[in-house]
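What follows is the residue order along each chain.
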Amino acid sequence: DGVVYTELQRPCRTMILVNPHSGRGQALQLFTGHVQGMLTEASVPYTLVITEHQNHARELVKKADLSQWDALVIMSGDGLLYEVINGLMEREDWQEAIQTPLGILPGGSGNALAASVHHYSQLPPAWNEELLLSCGFMLCKGLVCSLDLVSIHLTSRQRLFSFLSLAWGFVADVDIESEKYRHVGAIRFLMGTLVRLAALRVYQGRLAYLPAKDAPKKDKASTKVNCSNTPQQGLFCSSLSCSLVPNTSSKQSQKCTNSNSNTITNSSNQAASKNKSEGQSNARTETLVDSLLPDLDQPVPEAWTVVKEQDFVLVLAVYQSHLAEDLWAAPSAMVNDGLIHLIYVTAGISRPALLRLFLAMEKGAHLECGCPHLVYQKVRALRLEPISAEGVITVDGETVEYGPVQAQIQPGLARLISG
Ligand code: ADP
Ligand code: MG
C-alpha cells in the first residue's frame, strides 16, 4: 500500500493516557482486562496516567520531558488524542515533539482512528473488545508510520491541529447531540442519526476547496503543484517554496514539512528560549506555515473551486478511513495519503435517501449510491463560511468556535503506531 514503516525503539518506554469517563466509563477496566497482560508479555514498559479533567492530557504533554518517553498512547476515544496532538503542537519544540510515536487503544464511544488503523492493517472488520485487542497487538508489534495532520484556522485566528475530521451540519450535530448517549457506546451515532433525521434541516454557507491532482504514485514530477503560475497564486503562495507530492513516504513528507516551515525569529537571543519564565517562552518559536491558505478575510485563490450551492445538509472533511467504528466514510483514505477527503450533501435530499447514505457508509458503499446530492472530492485545502446564524462545527468530534474556518493538509506531520 506504499506506507513506509519503521520500528519503535526497544524497550519502548510508553506513557498510556486513560480517560476514565470515555465511552461507557470503562476504559480503565478494559485496559486492565485486555491490554495489560499483553504488554507485560511483550515486555513493553509503560506508565499509566489517568486523566482527571478535560485538557489534563493536553497540559501534561505540553510540559512533559519527552526524552523520557518513546511513545504516547491514548486509551480513550478520539477526543483525548486530539488533546495530545494539540498539546504537542503548542510546545516550543513542536517539530521534535510531534515526531513522538502516538498510539491509540479504543476506549471511547467514538473510536474512529482505532477503526481506521485496524482497517489499514487489512484485517477483517472488528468491533469493541476485538478492536481493542487488535490495537493492543499493534502496540506490541511496534511499527510506526507517518500520519497526516490538518491545520485548521478559526475566525478568532486560533489554529488547531486535527487528525480525523472537520464537520459542519448534519454530521457535526449528530456528533455533539449524541454525546449524551455516550454510555451506550458506539451505537450512539446511529441513535443520534435517527433523532437528527426526524429534525432534518438545511445549513446555509459557502464552500471552496483546492482540488488535489490525482497522479500515479511513482511519477512524482507530474504531481507537483506549481504555485507560481498566475499572479494571484503567486501572491497567496508567497512563502511557498516546496512542491507538494501527494503520496508521500515519511521521508518525503518530512522534507516537505521542513521546506514549508518558516522561522519567525524574535531578534532577542536564543538563551531566552531556554529561560522558562513567563512571557519569554515564545522568544524563539518556529512556526509551521500553511502555505496553501490565504488570510481568512482574503478571497480564495484562482486555482480553488468555489461550490455553487449554498444550502447544505452536511459538509465533512475526513482524512482517515473511518469516522466511527461503523462509519467507513472515506473508503480510499490512507494514513498518510496527503489528502483531505471532502464529502458534502446539498439540500433537497430526502430523509430516506440520507438514511440510505448512512447505512451504506457502514460498508463504505455510500459513494456508489448514485445520490445526486452527494459530492466527493479529494482536496488539499478548503474553506467553509457558514451563513446560518447558529450551528455546530466539530474538529475530531470536538466542538470548535462557530464561524468561517479553513484548513489545509500537512502531510505526514505526526507519527502513528500502526500496521
Ligand atoms: P468518547 O469517545 O467517549 O467521546 P473521548 O476520548 O472523545 O471519548 O473523550 C470525551 C471528552 O472527554 C473529550 O472532550 C476529552 O477531552 C474529555 N476528557 C478527557 N479526560 C477527561 C476526564 N478525566 N474527565 C472529563 N473529561 C475528560
Ligand atoms: Mg469523542
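Residues numbered from 1 in each chain as written. Chains lettered and ligands numbered in written order. Predicted model: local features only at pLDDT ≥ 70, side-chain atom pairs only at ≥ 80, totals over all residues. Heavy atoms only, no water.

Q: Help me understand the overall build of the protein, please; the structure alone is not making it clear to me.
A: Across its full length, the protein carries 13 helices and 18 strands. Evaluated residue by residue, the protein yields a buried proportion of 53% over its 419 residues. When contacts within the protein are restricted to residue pairs at least 6 apart in sequence, long-range pairs at least 24 apart make up 78% of them. Of the roughly 18,200 Å² of accessible surface on the protein, 52% is carried by carbon and sulfur atoms. (Helix = DSSP H or I, 4+ residues; strand = E, 2+ residues; numbered from the N terminus. Buried < 20%, exposed > 50% of the residue type's maximum accessible area, 1.4 Å probe, protein only. Contact = heavy atoms within 4.5 Å. Areas by Shrake-Rupley, 256 points an atom, 1.4 Å probe, with all protein chains shown as cover.)

Q: Would you mind showing me how to read a nonpolar patch on the surface here?
A: Together, Ile-187, Leu-190, Met-191, Leu-194 and Leu-359 make up an exposed nonpolar region whose accessible area comes to about 420 Å². By residue number, the principal contributor to the nonpolar patch is helix α8 (residues 188–198), which donates three residues. As for its position among the elements, Leu-194 is in helix α8. (Patch = residues over 30% accessible without salt bridge, like charges linked within 9 Å, V, L, I, M, F, W, Y side chains within 5 Å. Salt bridge = Lys/Arg side-chain N within 4 Å of Asp/Glu carboxyl O.)

Q: Teacher, can you tell me more about the pattern of salt bridges here?
A: When the charged atoms of two side chains lie near each other, side chains of opposite charge can form a pair. Inspection of every chain in the model, using the stated rule, returns twelve salt bridges. Across the pair Asp-93 and Arg-91 runs a salt bridge whose closest N-O atoms are separated by 2.7 Å. Residue class for Arg-91 comes out buried when judged on its relative accessible area of 10%. In this structure, the salt-bridge partner of Asp-175 is Arg-188, at a minimum N-O distance of 3.1 Å. Here Arg-188 lies in helix α8 and Asp-175 lies in helix α7 (residues 170–177), a separation of 13 residues in the sequence.

Q: Help me understand the nonpolar core, please; the structure alone is not making it clear to me.
A: One broad rule of soluble globular proteins: the nonpolar side chains tend to lie buried together. The biggest cluster of nonpolar side chains holds 89 residues, and the ones touching the most others in it are Ile-152 and Leu-166. Dropping the residues within four chain positions of it, Ile-152 is found in contact with Gln-158, Arg-159, Leu-160, Ser-162, Leu-166, Tyr-319, Val-395, Val-405, Gln-406 and Ala-407. (Core = buried A, V, L, I, M, F, W, Y, C linked by side-chain atoms within 4.5 Å.)

Q: Please explain the environment of Ile-16 as it appears in this structure.
A: Within the secondary structure layout, Ile-16 lies in strand β2 (residues 14–18). Among the residues examined, Ile-16 registers a relative accessible area of 0% and is labelled buried. Residues Ile-16 and Tyr-46, spaced 30 residues apart in sequence, show a C-alpha to C-alpha distance of 6.7 Å. Non-local contacts of Ile-16, meaning those with residues more than four positions away in its chain, are made with Phe-31, Leu-39, Tyr-46, Thr-47, Leu-48, Val-49, Val-73 and Met-75.

Q: Would you take a moment to explain the site of ligand 1 for this structure?
A: Taken together, 21 residues sit near ligand 1, with Gly-23, Gln-54, Ser-76, Glu-83 and Glu-398 positioned nearest. One of the side-chain N or O atoms of Asn-19 is found 3.2 Å from an oxygen atom in ligand 1. Gly-79 has a polar backbone atom sitting 2.9 Å from an oxygen atom of ligand 1. Protein burial of ligand 1: of its 560 Å² of free accessible surface, 88% is covered by the chains. Residue contributions to the shell around ligand 1 peak at four residues, all from helix α3 (residues 78–89). (Near = heavy atom within 4 Å. Polar contact = N/O pair within 3.5 Å; in protein donor to acceptor, adjacent residues only side chain to side chain.)

Q: What's the story with the pairing of strand β18 (residues 405–417) in this structure? I'm lost.
A: Residues in a regular strand project their side chains so that they alternate between the two faces of the sheet. Most of β18 is tucked away: twelve of the 13 residues are buried. Two elements, strand β6 (residues 143–154) and β18, share ten bridges in a ladder whose sense is antiparallel. Counterpart to Val-144 in the pairing with β18 is Ile-417. Pairing of strand β15 (residues 374–386) with β18, which is carried by four bridges, proceeds in the antiparallel orientation. Note that in β18 the partner of Leu-382 across the bridge is Ala-407. (Pairing = 2+ DSSP bridges.)

Q: Even after reading the chapter, I still don't get the packing of aromatic side chains, so can you show me in this structure?
A: When we look at a pair of aromatic rings, we describe it by the centre distance and by the angle of the planes. Evaluation of the coordinates by the stated rule reveals five aromatic pairs. Arranged with centres 5.9 Å apart and planes meeting at 65°, the rings of Trp-168 and Tyr-203 form a pair that is edge-to-face. Taken together, the positions of Trp-168 in strand β8 (residues 165–169) and Tyr-203 in strand β9 (residues 203–211) put the pair 35 residues apart, joining distant regions of the chain. For the pair shown, Trp-168 and Tyr-203 are each scored as buried. Summarising the aromatic geometry, the rings of Phe-170 and Phe-358 are spaced 5.4 Å apart at their centres and angled 40° between planes, so their arrangement reads as tilted. On the criterion of sequence distance, the pair formed by Phe-170 in helix α7 and Phe-358 in helix α13 (residues 351–361) is long-range, its members being 188 residues apart. We classify Phe-358 as buried; its relative accessible area is 9%. The rings of Trp-168, Tyr-203, Phe-312 and Tyr-344 are connected pair by pair, giving a single aromatic cluster. (Phe/Tyr/Trp six-rings, centres within 6.5 Å; stacked < 30°, edge-to-face > 60°.)

Q: Mind showing me how you'd approach the environment of Leu-132 here?
A: Structurally, the position occupied by Leu-132 is in helix α6 (residues 128–141). Under the relative-accessibility criterion, Leu-132 is labelled buried at 1%. Residues contacting Leu-132, with those up to four places away along its chain left out, are Leu-30, His-34, Val-35, Met-75, Leu-105 and Pro-106.

Q: So what exactly am I meant to see when it comes to the side chain of Ser-146 here?
A: Secondary-structure assignment places Ser-146 in strand β6. A polar contact of 2.8 Å, which involves the side chain of Ser-146, links it to the side chain of Asn-336.

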